[in-house]
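# Architecture at a glance
Listed below, chain by chain, are the residues.
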Amino acid sequence: MTSCPDPKCGAPTLTCRMGEATPTDCPVWSAKKNGAKDDASGDDALGMVRLPWSGAALGSAGLAFLTGRGDPCVVALVGSHNAGKSTLLGLIYQQVGRSGAIAGSPFAGSYSLEGWEAIAHALRWEGNVPRFPAHTTSGGGRAPGFLHLARRDGEGALVDVLFADSPGEWFQRWAIEPGAADAEGARWLAERASVIVVVVDCDALSGEKRGQARSDTIQLLRRVAVGRCERPVALLWAKADEVVSPAIREAVREAARRVMPDIVEFETSVVPFKRDDKTIEPGHAIARVVDWMIGPRDRGFTLPSPSPHHSDPFFAIGNAI
Amino acid sequence: MTRRLLVLGEYDVGKSHFAAQLLGRLNQEQGVLRMEGAPETLEPYETALARINSGKAAPHTSQDAYVESCWPLVDRTGRKIDLQWPDYGGEQLRAIRDRRSMPADWRNRIIASGGWIVMLRISHQQLSDDIFTRPLAVPGSDRQPPESFEVSQQAQLVDFLQWLMFVRGSGTLTRVATPPLMLLLSCWDELPQAEQGLAPVNVLKGRMPMIAGFAEANWEPSALHVLGLSSLERPLSEDAIDSEFVDRGPEAFGYVVLPDGRRDPDLTLAIAAMI
């Protein structure tokens, strides 16, 4: 068997939707192997129309469907386990759900709405106090699942954006040993991202193990710098309500600038936080990040304008003489 | 000219009440659209018509039922239109959504339709508070497993509209001109007074901003309509009789809320823009 019978699951290419470490641990996968029939065969007999997206995070099949209509912007969130990558995704989606817009453009759809909701619901007051979303499972997958958003820009063009929802363990391993077998997902993403956001954990950088966290963060930044190939990189201080000592903050910042002088910085938190005697609201902070992630940016080069070299004055029209 | 409209609405959005009241207005022949002659059959609406004429709410349409009838209409310019109007149990849409597969007859209806009217019981749609609207001092520490959540209503509807566009083959690269989309915000009288005076599109932006953004992003402005609707103007009970409703007659009740927020008792305006 090469794919999971659960149409919403991308295993084995993606991580198991049920959160199991390997597909063989999953009861859905095992049931199929043991001969149980799924609904799809019955649907086919009835002429049912099935859709090319499941609503969950997009795997290879979903990406093939989506990339047929254009060149999406791929946003890689790179950071250690528990750094706050999923929370950042939840904040982005929750703001779209509240405004109907992405970076000032109307929201034009998503083929992974259930995947977004699975993360963002934790940030709502729905019977519970809002909390951090569940961890992204690390088992099994060889490529990240992608959460998709589309927007209609000012010129009427459809712009697709894919956010990688990746487990932190991949990047911890990749930072130490980029060629490791269990860093394949991180390598896959690092090679394909349009923009890279390195998410650093202010909670870890201010806690008991802050020395180790500082070292890990700097190592990750250096690894990103080696493979970035001139792509834009941001340093995002997640959980910015936690106070990181000036010495550690400056050490991380200095390490980042040393290897990526053009790196930009952002701060986010799920609670309001103080900066320079001002209170920064979570919505304002996340809007700045999203504007940078998917906004227009300089390609880093300028195309030379062709200048004709003719002696005939006719071809000189429109050119400075 | 024959025009088939696809009226989409889940359970309890008021499809049957709207159909019964619309029939009454068309037969009154005082609106921008009027009935020319008589529909081939009134049987699908017989019960609903009888109930509201008796001052009671119509019963719920059977969840397996799907009936269409042809209404011969004429507008004020004399243009004749045969309108195919459906009635069905709203659970069918929920089943499609839950199974994530669509029966062939529904696919054929989507392809053949000349306009989509999506009815939303807008007072039942409300954004949950989140950390943006009700900030936290400290976030909760427990991390729930991913299965225990419910997809928000606006996300469900966006996904369903994407299905329709996919099945229809409308394309997404440019805005859609055909079929036009009407977002009909039903049971307007249930809204808080402060919202009843607003333009329908502003109520939609406040209660379902993703839907408002999605529609704006994907439909040509000339092919997108957002109206409010109160078919009965007041709640009716399935058991108790509303005597005033009986005495004045159903035709004295109900209104459409136009894009600028004005109310008009001509319920045919709710479909005139689509044909």
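Residues numbered from 1 in each chain as written. Chains lettered and ligands numbered in written order. Predicted model: local features only at pLDDT ≥ 70, side-chain atom pairs only at ≥ 80, totals over all residues.

## Thoughts on the overall build of chain B
Of the regular secondary structure elements, chain B holds ten helices and ten strands. For a compact globule of 275 residues, the expected C-alpha radius of gyration is about 19 Å, and chain B comes in at 19 Å, within 12% of that figure. C-alpha atoms of chain B, sized along the principal axes, occupy 65 × 45 × 35 Å. In chain B, which comprises 275 residues, the share counted as buried stands at 41%. Of the contacts made within chain B by residues no fewer than 6 positions apart, 79% connect residues no fewer than 24 positions apart. (Helix = DSSP H or I, 4+ residues; strand = E, 2+ residues; numbered from the N terminus. Rg over C-alpha atoms; globule rule 2.2 N^0.38 Å. Buried ≥ 20, exposed ≤ 12 C-beta atoms within 10 Å, placed from the backbone. Contact = placed C-beta atoms within 7 Å.)

## Structural notes on the overall build of chain A
Across its full length, chain A holds eleven helices and eleven strands. Scored against the burial criterion, the 321 residues of chain A give a buried share of 45%. If you take every contact in chain A between residues at least 6 apart in sequence, the share linking residues at least 24 apart comes to 74%.

## Some points on the sheet that holds strand β6 (residues 158–165) of chain A
Residues and elements named next belong to chain A. An order of β3-β4-β5-β6-β2-β7-β8-β9 is seen for the eight strands of this open sheet, with the pairing classed as mixed. Since the sheet does not close on itself, it has two edges, and those belong to β3 (101–102) and β9 (264–267), each with one partner. Note: strand β4 (residues 105–109) against strand β5 (residues 145–152), two bridges, orientation antiparallel. If you follow G109 over to β5, its bridge partner there is A150. (Pairing = 2+ DSSP bridges.)

## Some details on helix α1 (residues 15–28) of chain B
All names here are of chain B. The end-to-end C-alpha distance of α1, which contains 14 residues, comes to 20 Å, matching closely the 20 Å that a straight helix rising 1.5 Å per residue would cover. For α1, a buried count of twelve out of 14 residues is recorded, marking the element as mostly surrounded by other parts of the structure. Residues of α1 that are buried: K15, S16, H17, F18, A19, A20, Q21, L22, L23, G24, R25 and L26. Of the residues flanking the end of α1, it is E29, one or two places downstream, whose phi is positive at about 60 degrees. (Expected span 1.5 Å × (residues − 1).)

## A word on the sheet that holds strand β10 (residues 263–264) of chain B
All names here are of chain B. Overall, mixed pairing links the nine strands, which are arranged β2-β3-β4-β1-β6-β7-β8-β9-β10 in an open sheet. Edge positions in the sheet fall to β2 (33–35) and β10, since each of these pairs with one other strand and no more. Relative to strand β4 (residues 80–88), strand β3 (residues 66–75) runs antiparallel, the two sharing nine bridges. In the sheet register, P72 faces β4, and the bridge partner there is D82.

## Structural notes on helix α7 (residues 200–207) of chain B
All names here are of chain B. Of the residues making up α7, those classed as buried are P200, V201, V203, L204 and R207. Taken end-on, α7 shows its buried residues confined to a sector of 160 degrees, consistent with a single buried face. As for α7, its buried residues are in contact with β7 (181–186), α6 (193–196), α8 (209–218), β8 (224–230) and β9 (255–257). (Arc of directions from axis to C-beta.)

## Side note on the nonpolar core
Grouped together as the largest cluster of nonpolar side chains are 153 residues, with contacts concentrated most on V75, A76, V197, V198 and L236 of chain A. Per element, the largest residue contribution to this core is seven residues, and it comes from helix α5 (residues 153–168) of chain B. Not counting the four nearest positions on each side in its chain, V197 of chain A is found in contact with V75, A76, L77, V78, A234, L236 and M293 of chain A. (Core = buried A, V, L, I, M, F, W, Y, C linked by C-beta atoms within 7 Å.)

## Concerning the pairing of strand β1 (residues 2–8) of chain B
Each regular strand carries side chains that alternate between the two faces of the sheet. Residues and elements named next belong to chain B. The sheet contact formed by β1 and β4 spans three bridges and is parallel. When the bridges of β4 are listed, T2 appears paired with D82. By the bridge criterion, four bridges tie β1 to strand β6 (residues 115–121) in an arrangement that is parallel. For L6, the partnering residue across the bridge sits in β6 and is W116.

## Some words on the interface of chain A and chain B
Residue-level contacts link 49 residues of chain A with 49 residues of chain B. Per-element tally for the side of chain A that touches chain B: the top contributor is helix α4 (residues 85–99) of chain A, with six residues. Residue composition of the side of chain A that touches chain B, grouped by class: 24 nonpolar, 14 polar and eleven charged. In the sheet, strand β1 (residues 49–50) of chain A pairs with strand β5 (residues 101–102) of chain B via two bridges, with the strands oriented antiparallel. (Nonpolar A, V, L, I, M, F, W, Y, C, P; charged D, E, K, R; others polar.)

## Describing the packing of helix α6 (residues 168–176) of chain A against helix α7 (residues 184–192) of chain A
Residues and elements named next belong to chain A. Put simply, α6 and α7 touch, their axes get as near as 8 Å, and they point 85 degrees apart. Accordingly, the angle class assigned to the pair α6 and α7 is roughly perpendicular. Together, W170, F171 and W174 of α6 and G185, A186 and R187 of α7 make up the contact between the two elements. Residues of the contact of α6 with α7, tallied by class, amount to four nonpolar, one polar and one charged. (Axes fitted to C-alpha atoms, helices over the stretch in contact; angles between N-to-C directions. Parallel < 35°, antiparallel > 145°, perpendicular 65-115°, else oblique.)

## Some thoughts on the packing of α4 of chain A against helix α5 (residues 113–120) of chain A
Residues and elements named next belong to chain A. Two elements in contact, α4 and α5, have axes whose closest approach is 8 Å; the angle formed by their N-to-C orientations is 110 degrees. Judged by the inter-axis angle, α4 sits roughly perpendicular to α5. Considering only the axes of α4 and α5, their crossing is left-handed. Of the residues in α5, those touching α4 at S86, L89, G90, Y93, Q94 and G97 are W116, I119 and A120. Along the lines of polarity and charge, the residues of the contact of α4 with α5 split into five nonpolar, four polar and no charged. (Left-handed = near helix turned anticlockwise from the far one by under 90°.)

## Describing unusual backbone geometry
Residues and elements named next belong to chain B. Cis geometry marks the peptide bond from T178 to P179; its omega dihedral reads 0 degrees. Structurally, the position occupied by P179 is in the loop between α5 and β7. Of note in the backbone geometry, E29 takes a positive phi value of approximately 60 degrees without being a glycine. With respect to the helices, strands and loops of the structure, E29 is situated in the loop between α1 and β2. With 12 C-beta atoms counted inside 10 Å, the residue E29 sits in the exposed group.

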